[in-house]
Amino acid sequence: MAKPRKPKNDDAKPENSGALVRHQKLCLSIDIDRRRIYGHTELEIAVPEIGIVGLHAENLGIGSVLVDGEVAEFEYYPHQYHEESEKGLSAVLTPSSAADAAASAYITALERELVPNLLINCCKGFKNGSEQQPVTENGFHSSTEAKQQNARVIRIDYWVEKAETGIHFKDNVLHTDNQIRRARCWFPCIDDSSQRCCYDMEFTVAQNLVAVSNGNLQYQVLSKDDPPRKTYVYSLNVPVAAQWISLAVAPFEILPDHQFNLISHICLSANMPKLRNTMEFFHSAFSCYKDYLSVDFPFESYKQVFIEPEMAVSSVSLGASMSIFSSQALFDEKVIDQTIDTRIKLAYALARQWFGVYITPEAPNDEWLLDGLAGFLTDYFIKKNLGNNEARYRRYKANCAVCKADYSGATALSLSASCKDLYGTQCIGLIGKIRSWKAVAIIQMLEKQMGPESFRNILQTIVSRAQDSTRTSRSLSTKEFRHLANKVGNLERPFLKEFFPRWVGSCGCPVLSSESPLLWMRADPEMEYLAEIHFNQPLQMWINQLEKDKDVIAQAQAVATLEALPQLSFSVVNALNSFLTDSKAFWRLRIEAAFALANTASEETDWAGLVHLVKFYKSRRFDANIGLPKPNDFHDFPEYFVLEAIPHAVAMVRAADKKSPREAVEFILQLLKYNDNNGNTYSDVFWLAALVQSVGELEFGQQSVLFLTSLLKRIDRLLQFDRLMPSHNGILTVSCIRTLTQIALKLSEFIPLDRVIELIRPFRDFKTIWQVRIEASRALLDLEFHCKGIDAALSLFIKYLEEEPSFRGQVKLGVHAMRLCQISGGSDSNDNIKSEVLVSLLLLLDGRIGFNNVFLRHHLFCIIQILAGRSPTLCGVPRETRTLLMGDAETSIEQKNIISSLVPEMKLPDLPSDNLNHPEPPSNTLHPLETPPDIPNPSHEVLANPQASKEADTVSSGHERKMPSIKIRVKQSAATSRTEDADNQTVEKSQGRQHETDHGASSSVSVDAPQRNFAEVVSISNQNLEEVNSCHDHGSRMTASIGSAKPASDGDEIGKELQCTADSSKVSGLQSDVPLSSSFIQDNNIDADAQKFASLQTLSVGRSGLEGGSLGLTDSSLHEKEKKKKKKKGKEKKRKREDHKERRDDPEYLERKRLKKEKKQKEKEMAKLLSKETNSSSVEPTTKGEPRMKLAPAQLNPNEPSASDVVTKRVANERRGSDSLTKRVDVKPEASEGTSAAPKIRIKIKNRTLNKS
C-alpha cells in the first residue's frame, strides 16, 4: 500500500520565501517612434512579517513606489557593467588565467541575478492597519500559507528608454523575448519560475498598430487623443511565471484558423501569403494533441506571431498562450525543403504550451520531465502526420547522439548538484539539445515498459489534475511522475527505484556488443533501451538485413555497416545500388545508400559506386535521346530529395590520390550548366543550392582543375541572379559564399585569398538580409583563421560581434568562433594568443553585450574555456575559482549585505556544490558536446573539410566517461561452426572485434525488447541528427528483463541473469506515404567523433596490446600485465577444476568445453592476422602531426577512419579505464521441423573492479 504523500507546498517552498505574488497588472503606453515604454505595474503581494519585499528590475527607470496608495521607501541596485575594468585584468596573460577569470565573472553574474535588487519597505501601517483578507490564490500558495500573510498592493511607476534586452524595437515593430531572467528588463516582477500568478494587461499603442499579448483579448478602447491611440486589454486567468509574459506590437495582419476559433496566426502584411500556405496543416497538430490528451486546450486562446528573422533572438520565443517565431519558418507553396522542419517546430511550440508553460516543473530538477513530455508529444504528432518512418528515424538518430555525448555531469537530467552548478544554462546550445533528446528517450523507455495506453492514461491524469480548479498547484515533479508510473502505469516499485537514479539522476549509456553467425539478429528494435550497439555478423547477413528487413532502423544500421567495411566486394555495391533504386524504400535511407555508394567507389571496384550513382540519376533526370538533363519536375517529393542528394554524393567520390575523378567534376558541371526550371510548379532554389554545395566538396586534381573556371563562372552567375531576384531566405547566396570559401581554402596556393575576401566582404553590408550577412561573416572568419591563426580570427570575431546588431546573429558568430577554437585546440597555438584578445573576450562576457544576450554570454564563456583546454560547461567548475576576479566586487558584496540585513528571511543563493559523481574529461581534452558539430542532413546543404574535422576528433575522442560494456555472443552448433568459420574470419578481419571497453559504472538493466539487429553504434556521416524515422517490424520479438542500470562501486558483484526469447521468422512493416522535406540545420551539430564508431565491432581483450605503439606503453609493461592476467586466470581455472570434477562425464559440459577450445583457437589466429596489420601500419605517421590548414566554412565532415585507426582509438580508450563489465549471451538454436525455432538466450553479467583513477 502506498504511503500518504505530503502536499507539494510542504515538500518545497520557493527560494524567495519572503514575498508571494498573487496577482499582477501591467498598464503600459508604447511609443514606437521614440523607442520608449512608460506606465505602471500593480502587484498584489503577500508581504512577510519583516515587511520588506524584494523584486527584480533591470534597465528600468523607477519613478515612484506606492504601497496601498501611500508613498513607500525603496532601494534600487541596477546591474553594474564592468566594461572599463581592464586594470583589474592585468594578471590575465594566458588562456588558463583567462578561463579562471571567466568562470569567476560568469558565476558571479549568474548568482547576482538570483538576488532581488529592488527592495520596497512595506512596514508602514503593517501592524496597526487592519488586516486585509487574502485574495484568490495564484495557483501556487496554499490557503493556510496565504492567511498567514498580509496582502499589500504595490504600485510602481516606471519607464524603459533605449531598451537593450528583454524587449526589442526595430522600425515599427516591438517584441519581447523569454531569455533566462530577462522579464525584469521590461517590467518589475519576481523573476523566478517558482512565482506564478494571474495577469491583467493594458497596452496603449498608435491606432495603426496591433498589440498582441497573453491570455484573452477582453476589449479595445480608442482614445480621443490627437492622433488617437488604441488600448488593448488582455486577461490571463492561468497563473504563470513572469518569463512567460510576452508582448508583440506592429502593424500586424491576423489570420484566424479555419478550424478552431481560438487560434490566430499573425504576421506582417508582406508575409501573409506564406502564412496562409504554412498554416494549412496546423489544425491537425492541434487536434492531434487534443485527442491524445482528451482535454481542451488549457488557455482561452493561442496566438502564433511571426516577426522578421533579424529581430528574433531565437527561432521561437515561448509565452503563455502565445509563441513568437522568426518569419524564416514561413514558406510559400513553391518551396518543398522547409516543410518538415517548420511543421515540427510549430508542433513542438504547441506541445510546450501543455508541458512547460501550463504545467510547470516543481523544481529545477524537474525541468527535464516537462521537456521530455513535450518532446514525446511532438514525436507523436510526427508519427501521426509525417509518418512512422520519419518519427522512428529521427528518434534513432537522436538516441545515437545522446549515447555519444552523455558522459558528463552536464547531461545528468535530475542531479541536484548539476542543476545547481548550471544556473539554468543547461538549456543553451548543444548541451541543451542533448538533454532534450535524452529526456524524450527516457520518457519513451517508460512508455514502452508500461504500454501505450497506460502511458497515455498517465498524461491524461496529469493534464486533468492541472485543470481541476480545486487543486492549488499546476506543477509536476519527478517524484509525482514516478508515483503515477507505479499507480497508473503498473510499473513495480523496485524497477522504478533503480530506473530513475540510473537514467535520470546520472549519465552514461551502456555499450552493447554482439555477434551472430546465424540469420541477421536484432536487439531492441523499438528503442526501449538507450545504449550503443556494436554488432558483428557475416557480410551476407548485413546484406540480407538491408534487403529483407523492412524496419528503417535495421536498414540504417545495415547501410552504415556496409559503408564502413574496409574490404569491399561487388555484392556490397550491388546491394546498396538496389536499395538506392528501390522507390518503396524510405527516402532518407536511400540518401544514406547513395553516400555509402560514393564511399565504396574506388579503382579496386572499377568505380562501380560512381557508375551506379550517375546511371541512377540519368535514368530519372536525363533525356535519353539527347543525353542532357530534362526540365525539372519535382512532383514526386521522395524522389526529389533523393535526386537532390546525388550530386553531393558524387562529389564525395575520391581517387587514390584523394582527388575527385574527372567524371565526377564533369557530371556536376553539366548539371549546373543545363538546369532548367521552366514549367516546374516548385522552386528550384534548394536544388541549385545543393548543386553549388556539391562543387565545394570537390577536390581538384591536375585534370579536373581545368573545369574550375567554368564552375566559378556558374557560381558567379547564380550570385548575380540571386542579387536581382532574392531566393527564399537567401539560401542560394549563402551556398555560393560557402562554396567559394571552401574552394579558396583548398586551393589557397593558387587562388589569392585577398581577392576572395574582397569578393565576400560586400555581403556583410547591413542592407543585405540577415542570413547572408552572417554567412559572409563566418566565411571571413574562416579565411582569417586559415591565413593568420586563431588569435587573428578571434580579434576579427570581436570586431564583428560589436558591429552585429541582431542578437541571433551574435549567437551564430559565437558558435562559429567556438568551433574555430576547438579546431585549433590541442595545439600550442592557443598559448600564443595575445592577452589583449583574452581581455577583450572577458570584457564582452562581463559587459553590456554579454548581459543583454544570455546565449552569447554562455558561448563567450565556452570559448575562453576551450582556449584553456577545458570543458565548455559550468558543470564541475571548482569552488575555489569562484572568487570575484573581475569588475566592481564591492558593489556586488554591498548589495548582498544590504539585502541580507533588510530581508534576513530571504534565502540567498548558495554557492554551487562541486561534488559531482561523474568525472569530467581531462583538462587537455575538448568536450565533444561543443566540438565542431557535424550533422550533415539529407539535403547536404552544409559541407565540411575532412582534415580539419579529423584533427578536432583527435583532440576530443578520448573522454574518460566510462560506461558498461555488454557483449552478446550467439553460440552455434559444431557443424554450423565449421561451415561458418571462413565467413566469420573474413568479417571479423574487416570489421575488427570490439574491445570490451571499461566505461565506468556497471549496469543492470530491465527492458522488454523485441528482437532486432543492432548493427552500428552511430552513423552520422550523412544524416541530420534531428531526423530520426520508420516502420515497425511486428515479427521479430525478443523479450528481455533489462532493468535500470545501477552504478557499481568497487568490489560490487553483479549476478543477475536475463532470460530472452527471439523469433525472427516474421517481418512486416508499415510504410509511410507522406514524403516531405529534409531539415536545414546550422550551428547545432554533433561531434564528428561519432563517425569513427560506425565500423567498430567486437574486439577481444586479448588483442589490446596489438596497438601498444599508439598507447605509449612499453612492451615490458604490456608483458607484465599479460603475466598478471595469466596468473589470475590460472588460479581461476584451478578452482573451477575442483568445483566441476563431477561434471566431467556430462556430455553437454564436454561439448561446451570443446566449442570453447575451438573458439580460443580462432581468436589466436585472428590475433596473429591483426598483429600483422598493426605492425605494417604502425610505421606510418599519424594524423596528429599534420598541419590543420584546411577549413570548411560550415560543418566539419571527416572521412571515415581506417580499420587500424579505429582499433588504435578504441585501444586508447580501453587503456584509460581498467576492466570492463561484460555481458555474454549464449543462444542455442533448438531443432524444429521445417522451420528454425526461436533461440533461447541466456545473458550472464560479470563485473570487475573499476579503476577510479
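Keep in mind it's a predicted model, so treat the numbers as computed, not measured.

S.K.: Just give me the short version of the overall build of the protein, but keep the residues and values in it.
M.R.: Counting its regular elements, the protein contains 37 helices and 31 strands. A total of 1253 residues make up the protein; the buried ones form 61% of that total. Summarising the internal contacts of the protein: among those between residues at least 6 apart in sequence, 81% fall at separations of at least 24. Of the accessible surface of the protein, which amounts to about 48400 Å², a share of 50% is contributed by carbon and sulfur atoms.

S.K.: Can you tell me about the sheet that holds strand β7 (residues 118-121), naming the residues and giving the values?
M.R.: Strands sit in the order β3-β7-β6 across an open sheet of 3 strands; the sheet is antiparallel. Edge strands, defined here as strands with exactly one partner in the open sheet, are β3 (52-55) and β6 (74-76). The sheet shows a mean angle of 15° between the axes of neighbouring strands, taken without regard to direction. Alignment of β6 against β7, held across 3 bridges, turns out to be antiparallel. Pairing of Y76 across the sheet is with L118, part of β7.

S.K.: So what's going on with the sheet that holds strand β10 (residues 173-176)? Which residues, and what values?
M.R.: Pairing is antiparallel in the open sheet, where 4 strands are placed in the order β9-β10-β15-β12. Across the chains shown, the open sheet's two edge strands, defined by having one partner strand only, are β9 (167-170) and β12 (210-213). Each strand of the sheet is rotated relative to its neighbour by a mean of 10°, with strand direction disregarded. Bridge count between β9 and β10: 4 bridges; the pairing is antiparallel. Residue pairing in the sheet places H168 in a bridge with H175 of β10.

S.K.: Before we move on, can you summarise the packing of aromatic side chains with the specific residues and values?
M.R.: Using the criterion set out here, one finds 31 aromatic pairs in the structure. Pairing W186 with F187 gives two aromatic rings, centres 4.8 Å apart and planes at 80°, and the pair type is edge-to-face. Taken as a pair, W186 and F187 share a single burial class, namely buried. Where W503 meets Y529, the ring centres are 5.7 Å apart and the plane angle is 90°; that geometry is what we call edge-to-face. Taken together, the positions of W503 in helix α13 (residues 493-503) and Y529 in the loop between β23 (511-515) and β24 (532-536) put the pair 26 residues apart, joining distant regions of the chain. Directly above the aromatic system of W503 lies the positively charged group of R502, at a separation of 4.4 Å from the ring centroid.

S.K.: If you had to explain the nonpolar core to someone new, which residues and values would you point to?
M.R.: The biggest cluster of nonpolar side chains holds 305 residues, and the ones touching the most others in it are F355, L794 and F797. With 11 residues, the top contributor of residues to this core is helix α10 (residues 429-450). Not counting residues up to four positions away in its chain, the partners in contact with F355 are L293, L370, L373, A374, L377, L459, I462 and V463.

S.K.: Explain the pattern of salt bridges to me, using residue names and the numbers behind them.
M.R.: Pairs may arise between side chains of opposite charge once their charged atoms sit close together. All told, the structure shown has 37 salt bridges when counted by the stated rule. Across the pair E526 and R392 runs a salt bridge whose closest N-O atoms are separated by 3.3 Å. In this pair, E526 is assigned in the loop between β23 and β24 and R392 in helix α8 (residues 388-405), connecting sequence segments 134 residues apart. The burial state of E526 is the same as that of R392; both residues are buried. R662 is paired through a salt bridge with E666; the nearest N and O atoms lie 3.8 Å apart. Of this pair, R662 and E666 both sit in helix α20 (residues 662-673), 4 residues apart, roughly one helical turn. Given the relative accessible area of 33%, R662 is considered partly exposed. Three or more residues are tied together by salt bridges with common partners; here these are E113, R181, R182 and R857.

S.K.: So what's going on with unusual backbone geometry? Which residues, and what values?
M.R.: With an omega of 0°, the peptide bond between D226 and P227 qualifies as cis. Tracing the chain through its elements places P227 in the loop between β13 (216-222) and β14 (229-240). Unusually for a residue other than glycine, K162 sits at a positive phi of about 50°. When you line up the elements, K162 lands in the loop between β8 (150-161) and β9. The exposed category is assigned to K162, whose relative accessible area is 71%. Unlike most non-glycine residues, K658 shows phi in positive territory, near 65°.

S.K.: Provide a residue-level description of the side chain of S683, including the pertinent values.
M.R.: Within the secondary structure, S683 is located in the loop between α20 and α21 (685-697). From its side chain, S683 meets the backbone nitrogen of V685 in a polar contact 3.3 Å long.

S.K.: Which residues make up a nonpolar patch on the surface, and what values go with them?
M.R.: Judged by side-chain polarity, F721, L724 and M725 come together as a nonpolar surface patch covering roughly 370 Å² of accessible area. Of the residues examined, L724 reaches a relative accessible area of 71% and is grouped as exposed.

S.K.: So what's going on with the packing of helix α27 (residues 807-824) against helix α30 (residues 854-867)? Residues and values would help.
M.R.: Look at α27 against α30: their axes get within 9 Å of each other, and the N-to-C directions meet at 10°. Between α27 and α30, the angle is such that the two are roughly parallel. Here Q810, V811, G814, V815, A817, M818, C821 and Q822 of α27 come into contact with α30, specifically with F855, L856, H859, C862, I863, I866 and L867. Considered class by class, the residues forming the contact of α27 with α30 number 11 nonpolar, 4 polar and no charged.

S.K.: Give me the lowdown on the state of the cysteines, citing residues and values where you can.
M.R.: Applying the stated rule across the entire model yields 0 disulfides. A disulfide-free cysteine, C185 has its sulfur positioned 9.1 Å from the sulfur of C189, the nearest such atom.

S.K.: Talk me through the pairing of β24; I want residue IDs and the actual numbers.
M.R.: Counted residue by residue, β24 has 5 buried out of 5 residues, so it is predominantly covered. On β24, burial covers both faces: E532, H534 and N536 on one face and I533 and F535 on the other are all buried. Relative to β24, β23 runs parallel, the two being bridged by 5 bridges. From the neighbouring strand, E515 faces β24, where its bridge partner is N536.

S.K.: Can you break down the packing of helix α11 (residues 452-466) against helix α12 (residues 478-487) residue by residue, with the values?
M.R.: Running from N to C, α11 and α12 cross one another at 135°; their axes reach a closest spacing of 10 Å. In terms of axis orientation, α11 runs oblique to α12. Here the hand of the crossing between α11 and α12 comes out right-handed. From α11, F455, I458, T461, I462 and R465 reach across to α12, where they touch E480, F481, L484 and A485. When grouped by side-chain class, the residues that make up the contact of α11 with α12 number 6 nonpolar, 1 polar and 2 charged.

S.K.: Summarise α11; cite the residues concerned and give the values.
M.R.: Owing to its 3.6 residues per turn, the α-helix brings residues three or four apart onto one side. Helix length check: α11 (15 residues) gives 21 Å between terminal C-alpha atoms against 21 Å at 1.5 Å per residue, within 8%. Taken as a whole, α11 has its buried residues at S454, F455, I458, L459, Q460, I462, V463 and A466. Contacts made by the buried residues of α11 are with α5 (282-293), α6 (339-354), α7 (367-386), α10, β22 (475-476) and α12.

S.K.: Explain the environment of L568 to me, and be specific about the residues and the numbers.
M.R.: Structurally, L568 is set in the loop between α15 (552-564) and α16 (570-581). Its relative accessible area of 28% is what places L568 among the partly exposed residues. Taking C-alpha positions, L568 is 9.7 Å from S602, a pair spaced 34 residues apart along the chain. Other than its neighbours up to four places away in sequence, L568 contacts L562 and T600.

S.K.: I'd love a proper account of the pairing of β8, names of residues and values included.
M.R.: Relative to β8, strand β2 (residues 36-47) runs antiparallel, the two being bridged by 12 bridges. Looking at the pairing, R36 lines up with E161 of β8. The sheet contact formed by strand β4 (residues 61-67) and β8 spans 6 bridges and is antiparallel. Bridging from a neighbouring strand, V65 pairs with I156 of β8.

S.K.: Requested: an account of the confidence of the model for the protein, with residues and values cited.
M.R.: With 66% of its residues at a pLDDT of 70 or more, the protein shows a mean pLDDT of 75. Taken together, the stretch residues 1-17 has pLDDT below 50 and engages in 32 contacts with residues farther than four places along the chain or on a different chain.

S.K.: Before we move on, can you summarise α27 with the specific residues and values?
M.R.: Taking 1.5 Å per residue as the helical rise, α27 with its 18 residues ought to reach 26 Å, and the 26 Å between its terminal C-alpha atoms agrees with that figure. Most of α27 is tucked away: 18 of the 18 residues are buried.

S.K.: Quick one: what's the story with the environment of L415, residue by residue and with numbers?
M.R.: Within the secondary structure layout, L415 lies in the loop between α8 and α9 (416-422). Counting along the chain gives 92 residues from L415 to C507, while the straight-line C-alpha distance between them is 9.4 Å.

The rules behind the values
Residues numbered from 1 in each chain as written. Predicted model: local features only at pLDDT ≥ 70, side-chain atom pairs only at ≥ 80, totals over all residues. Heavy atoms only, no water. Helix = DSSP H or I, 4+ residues; strand = E, 2+ residues; numbered from the N terminus. Buried < 20%, exposed > 50% of the residue type's maximum accessible area, 1.4 Å probe, protein only. Contact = heavy atoms within 4.5 Å. Areas by Shrake-Rupley, 256 points an atom, 1.4 Å probe, with all protein chains shown as cover. Pairing = 2+ DSSP bridges. Axes fitted to C-alpha atoms, helices over the stretch in contact; angles between N-to-C directions. Phe/Tyr/Trp six-rings, centres within 6.5 Å; stacked < 30°, edge-to-face > 60°. Lys NZ or Arg CZ within 6 Å of the ring centre and 35° of its normal. Core = buried A, V, L, I, M, F, W, Y, C linked by side-chain atoms within 4.5 Å. Salt bridge = Lys/Arg side-chain N within 4 Å of Asp/Glu carboxyl O. Polar contact = N/O pair within 3.5 Å; in protein donor to acceptor, adjacent residues only side chain to side chain. Patch = residues over 30% accessible without salt bridge, like charges linked within 9 Å, V, L, I, M, F, W, Y side chains within 5 Å. Parallel < 35°, antiparallel > 145°, perpendicular 65-115°, else oblique. Nonpolar A, V, L, I, M, F, W, Y, C, P; charged D, E, K, R; others polar. Disulfide = S-S within 2.5 Å. Left-handed = near helix turned anticlockwise from the far one by under 90°. Expected span 1.5 Å × (residues − 1). pLDDT = per-residue confidence, 0-100.

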